[in-house]
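Observations on the model geometry
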Amino acid sequence: MNVSLLPTAFLPFLVLAACNGQDAAPDLDIRANDRVFINGRIYTANKDHAFAASMIIRDDEIAATYGPNVVTNEAVPDGAEVVDLHGHLVLPGLHDAHLHPIRAMPLDICSLEDTPSTLTEIAAFTSDCTSKPGMSEGEWLGVLLWNFAAGNQPGDEFQSIREALDAVSTEKPVILRGSDGHHYAVNSVALARAKNANGETVGFTKETLATEFTDLAPYIGVDETGKLNGRLTEDYALEAIGGENILDSSIAKARDKPELMMEVTLPRGITSFLDAAAEPRTLDIYDELRAKNEFHARAHLTLYFDPGAYRDEAGTVDFDAIIAEAKTIRAKYAHDPLIKADFLKLYADGVLEGDPLTDPPTLPNGAFSRNYLQPIFAWDEAAQWVRVASYVDTASVLCVETRAAIAAHQMPDITSFKMEHGFHPQQCLEANGVLQHPEDVIMDYVRIGDAAGFTFHIHAIGDRAVETAIDAIEAARRKNGGDNKHIITHLQVVRPEDIARFKSNDIYASFTYAWATRDTQYDATVIPFIDRSDGPAGMYDPDGYYYRNVYPAAALRDAGAVIIAGSDAPVDTKDPRPFVNIEGAVSRSIFDLPPLNEKQAISIYEAVDAYTINAAKALQQDAIAGSLEPGKKADFIILDQDIFDLTASGQAAQISETTVLETWFGGEKVYASSE
Ligand SMILES: [Zn+2]
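Worth saying up front: this structure is predicted, and the values here are computed from it rather than measured.

Mapped onto the secondary structure, Asp96 falls in strand β9 (residues 94-99). Here Asp96 is buried and forms no salt bridge, its nearest opposite-charge partner Arg577 lying at an N-O distance of 9.2 Å. A polar contact of 2.6 Å, which involves the side chain of Asp96, links it to the side chain of Ser567. Aside from chain neighbours lying at most four places away, what touches Asp96 is Ile270, Ser272, Phe273, Leu274, Ala565, Gly566, Ser567, Pro576 and Tyr611.

What follows is the structure in structure tokens.
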């Protein structure tokens, strides 16, 4: 036998092999060519949450696992390989049930990496990076992963992001894409390119927003005088300025180096994932990797078709065309052992972040069950950030009259209104966000896709979007009589009355647990619009609607729903950071701040199961992956620290520092840390 050792100096603990093999179980079955892992702390993720000490790998599968003192060096026959785990923790390979693996690739592109930056810093970075060779986007200058929520502080130089980007170029259009994929910033050249319905270049201006572009106006940021500040919400306005396909150079660069996809997953221990919005035009990147035999993951593609793009003039969506296209792709991968294309993506709404830095503040546009509040923000010099000074009473006579005036296109004089009342007249408006598509389109798509045997992965962030997503799934299952188990992802706020409906409709609940934590700057873009945040508890009132219903992981578990995990990388961070997410799940805190509703924390076992066996169920591959049990594929990871022990000893705050030492996929070592 040969003995390979992990490249570490860790002391063995917990499991000591018996020295003479007398404890060997009678049915011990180890053969030549097997790989035998001994002296480990192997979390099997089986139904008993059992640990094993040793594991026999035969070909690409797990042949057996055994408890302590069963398998010893001496019990291993010649020809088999022994790997001493030195007491390290082994987990099943992780399943990331919400990943954008192509957009998360470490490509040579201009990216602000979501770092909160001042307007001056953003202008300097954008100028510098986009002027390098190979970094422009055709005639556009583009930067990815702009943190739209935090940073962006004005200074002496620039009052708005538009001014900052005008400093980058007054000749070329400049665009930043927000790290959530739902926010953009552009310069004046880009705004001036807007074409109206007749194809005439009229530009986005205060005047054209009030006339030709009233439909797009809610998505285009303005300052207190109505002047455009360069901020765009969602991508609806991009088509008018010819920017809908910019930033595509990142896809071309991904195509050049498809192997970088594995750098997203394997160093983080991810051996399975759901590509949460697989665009058909990018699937050749997968094919290239498969052809080179360099694809080491069990992937499920969530095919993304925008129903809005399949709509005729009367608003009727050609679902037959979508399903036909989806079926063709599904058939192409039907016999691929590693890639399946059996999910469909649907966005039920947008996001819950408003923008406190604009005047009037941009309200969140996620579909919510109640009207958003209208906070009056003040700049806090010490904190270099906004605080909530007070609120507009939208039920007041003043606001009722102001709304009527605005509806009649008689906007009060903004400057004098503000002088008199202390807020922008548009803050009298009432809104509760929007669904991404008309409700009947959501209902129809889910029913038709479900009937065609596809599983939906529905993005729902506001509580009204969650309700609609559940309604659609419920109606589809009733009509089609199937038992397809769909996934709803994000679930930032869920109405209490919808919690039990997950179990009754077999819906998997997918969370990004790193977000189920406090993040003061981010929270200021959301919570003040939902709950009064000018009281003594500030934004974190335990009785507040947001606080009580935010990312309700434990409530869903208690109601019998299966909860799973996904990173949504590169949103927020390109690193899918599973151990940061696990830390967030168990402590509801990752930033040294108090927890965000600790009642919704889950146990370390539930968090690991969310990343392994339960996500494997959601990806419909628990028969072959998700736990370390005989007959399953040998997908597993070896970690540098024991996250179960850390949690038990009150050191959950260290879980995020976990390093993956090795990643094994189908019985082969596909990644080893250089540490
Ligand atoms: Zn996503």
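This part covers the coordination of the zinc ion. In this structure, His98 (NE2), His100 (NE2) and Asp568 (OD) serve as the protein donors to the zinc ion, at separations of 2.0 to 2.1 Å. Within one chain, the residues serving as donors to the zinc ion are arranged as H-x1-H-x467-D. Of this pair, His98 sits in strand β9 while Asp568 sits in the loop between β23 (563-565) and α17 (578-587); the two residues are 470 residues apart in sequence, bridging distant segments of the chain. Taking relative accessible area as the criterion, Asp568 reaches 5% and is therefore assigned buried.

What follows covers the pairing of strand β12 (residues 183-186). Burial along β12 is two-sided: His183 and Ala185 and Tyr184 and Val186, pointing in opposite directions, are all buried. Here strand β11 (residues 174-178) runs beside β12; their pairing, made up of three bridges, is antiparallel. For Ile175, the partnering residue across the bridge sits in β12 and is Val186. Both β12 and strand β14 (residues 228-233) contribute to a ladder of three bridges, which runs antiparallel. Paired with His183 across the bridge in β14 is Thr233.

It is worth spelling out the pairing of strand β26 (residues 668-672) at this point. With four bridges joining them, strand β25 (residues 660-665) and β26 adopt antiparallel strand pairing. Among the inter-strand pairings, Glu662 is bridged to a residue of β26, identified as Ala672. Where β25 hands over to β26, the hairpin turn is made up of two residues, of which Gly666 adopts a positive phi near 55 degrees.

Together, Asp312, Glu313, Asp318 and Asp320 make up a region of like negative charge exposed at the surface. Along the chain, Asp318 turns up in the loop between β16 (298-304) and α8 (319-332). Note on Asp318: relative accessible area 39%, which makes it partly exposed.

Turning next to the pattern of salt bridges. In total, this model carries 36 salt bridges according to the counting rule given. Put simply, Asp48 and Lys47 hold a salt bridge, and the shortest N to O gap is 3.6 Å. Since its relative accessible area comes to 55%, Asp48 is described here as exposed. Across the salt bridge formed by Asp572 and Arg577, the nearest N and O atoms sit 3.1 Å from each other.

Mapped onto the elements, Asn505 comes out in the loop between α13 (499-504) and β22 (508-511). Overall, Asn505 belongs to the buried group, its relative accessible area being 5%.

This next bit is on the state of the cysteines. As used in these notes, a disulfide is a covalent bond between sulfur atoms, one from each of two cysteines. Within the structure shown, the criterion is met by two disulfides. Residue pairing for Cys110: its cysteine sulfur links by disulfide to Cys129, the two sulfurs lying 2.1 Å apart. Torsion about the S-S bond of the Cys110 and Cys129 cystine: about -100 degrees, corresponding to left-handed handedness. Placement of Cys110 in the loop between β9 and α1 (119-130) and of Cys129 in helix α1 is noted, with a sequence separation of 19 residues between them.

Turning our eyes to something else, we now look at the nonpolar core. Grouped together as the largest cluster of nonpolar side chains are 125 residues, with contacts concentrated most on Leu91, Met261, Phe295, Phe502 and Phe579. Ranked by the residues each element gives to this core, the list is headed by helix α12 (residues 463-480), at seven residues. When sequence neighbours within four positions are dropped, the list of residues in contact with Phe502 reads Val466, Ile470, Ile488, Leu491, Val494, Ile507, Ala509, Leu556 and Ala561. Leu119, Ala123, Met135 and Val168 belong to the second largest nonpolar core, which has 20 residues in total.

So, on to the environment of Asp29. With respect to the helices and strands, Asp29 occurs in the loop between β1 (2-5) and β2 (35-38). Residues Asp29 and Ile530, spaced 501 residues apart in sequence, show a C-alpha to C-alpha distance of 61 Å. Non-local contacts of Asp29, meaning those with residues more than four positions away in its chain, are made with Asp34, Ile56, Arg58 and Tyr66. A polar contact is formed between the side chain of Asp29 and the side chain of Arg31, at a distance of 3.3 Å.

The rules behind each value
Residues numbered from 1 in each chain as written. Predicted model: local features only at pLDDT ≥ 70, side-chain atom pairs only at ≥ 80, totals over all residues. Heavy atoms only, no water. Helix = DSSP H or I, 4+ residues; strand = E, 2+ residues; numbered from the N terminus. Buried < 20%, exposed > 50% of the residue type's maximum accessible area, 1.4 Å probe, protein only. Lys, Arg positive; Asp, Glu negative; His and termini not counted. Salt bridge = Lys/Arg side-chain N within 4 Å of Asp/Glu carboxyl O. Polar contact = N/O pair within 3.5 Å; in protein donor to acceptor, adjacent residues only side chain to side chain. Contact = heavy atoms within 4.5 Å. Donors = N, O, S within 2.8 Å, 3.2 Å for Na, K, Ca; no water. Pairing = 2+ DSSP bridges. Patch = residues over 30% accessible without salt bridge, like charges linked within 9 Å, V, L, I, M, F, W, Y side chains within 5 Å. Areas by Shrake-Rupley, 256 points an atom, 1.4 Å probe, with all protein chains shown as cover. Charge placed at Lys NZ, Arg CZ, Asp CG, Glu CD. Disulfide = S-S within 2.5 Å. Core = buried A, V, L, I, M, F, W, Y, C linked by side-chain atoms within 4.5 Å.

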